[in-house]
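A look at the structure
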Amino acid sequence: MLELNFNPFPEIQTERLILRKLTSDDKEDLFEMRSNPDVMKYIPRPLAVTIDDALTHLEMSLKLLQNNEAVNWAIQEKGGTKMIGSIGIFNILKEHYRAEIGYILNPKWHGRGIMDEALKSVIVFGFENMKLHSIEALIDPDNSASAKLLEKNKFRKEGYYKENCFFEGRFLDSGVYSIVKGIDYLK
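Because the structure is predicted, anything quoted here is derived from the model rather than measured.

Things to note about the nonpolar core
Ranked by size, the top nonpolar core spans 39 residues in total, and within it Trp73, Ile75, Ile87, Ile89, Met130 and Phe155 carry the most contacts. Broken down by element, this core gets its largest block of residues, eight residues, from helix 4 (residues 114-129). Setting aside anything within four residues of it in sequence, one finds isoleucine 87 in contact with Leu19, Val71, Asn72, Trp73, Ile75, Ile101, Gly102, Tyr103, Met115, Ala118, Leu119 and Val122. The next biggest cluster of nonpolar side chains, apart from the first, holds 10 residues, and it includes Val39, Ala54, Met83 and Ile104.

Things to note about helix 3 (residues 51-66)
Working note: α-helix, 3.6 residues per turn, so residues spaced by three or four point in the same direction. Compared with the 22 Å implied by 1.5 Å per residue over 16 residues, the 22 Å span of helix 3 between its first and last C-alpha is a close match. For helix 3, the full list of buried residues reads Ala54, Leu58, Ser61 and Leu65. All buried residues of helix 3 lie within an arc of 60° about the axis, which places them on one face of the element. What points out from helix 3, more than 90 degrees from its buried face, is the exposed set Asp52, Thr56, Lys63 and Gln66. Residues of helix 3 that are buried sit in contact with strand 2 (17-21), helix 1 (27-34) and strand 3 (71-77).

Quick notes on helix 4
Its 16 residues give helix 4 an end-to-end C-alpha distance of 22 Å, which sits within 8% of 22 Å, the value for a rise of 1.5 Å per residue. The buried fraction of helix 4 is high, at 12 of 16 residues. Taken together, the buried positions of helix 4 are Ile114, Met115, Asp116, Glu117, Ala118, Leu119, Ser121, Val122, Ile123, Phe125, Gly126 and Phe127. The first or second residue beyond helix 4 is lysine 131, which carries a positive phi of 65°.

About the criteria used
- Residues numbered from 1 in each chain as written.
- Predicted model: local features only at pLDDT ≥ 70, side-chain atom pairs only at ≥ 80, totals over all residues.
- Heavy atoms only, no water.
- Core = buried A, V, L, I, M, F, W, Y, C linked by side-chain atoms within 4.5 Å.
- Buried < 20%, exposed > 50% of the residue type's maximum accessible area, 1.4 Å probe, protein only.
- Helix = DSSP H or I, 4+ residues; strand = E, 2+ residues; numbered from the N terminus.
- Contact = heavy atoms within 4.5 Å.
- Expected span 1.5 Å × (residues − 1).
- Arc of directions from axis to C-beta.

Printed below as a string of structure tokens:
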């Protein structure tokens, strides 16, 4: 079974990015993303209405981190001070060496390869540091940009859950993508 410890926090640096620990100073940047209907279009979570909504989400992420149940990084450009997105590993099934990955990016940074760079580094972290065997992503089947990003990074479409998520009075479908160490990911 996996033994996880995210203390000290596992900061990751890439060519252009710093993936760092979320802090309360990120609440305005998080609010900007989670209150934007275009950003949240494919994420079945309520829109943030106030800064406190974003702070509540941030505090939940930090509690999961403290309990070694999930790890979520703020994405920041090197030389920058603003959180431009986040990416995390959660829903960790220790006994199965499997976890889920999720991400969000401020639209001002779309089309620059930011999330591709962040995703690549977090996949490496998941397999090499956390010792995961597989990583999955559940996405809205209409989110073609996310599907392309996952496929570019060797995730395979494994399945389709019909109406597996109930949100705002309706049932939603999910596309299931996965990458497996030793099959899809070779290091």
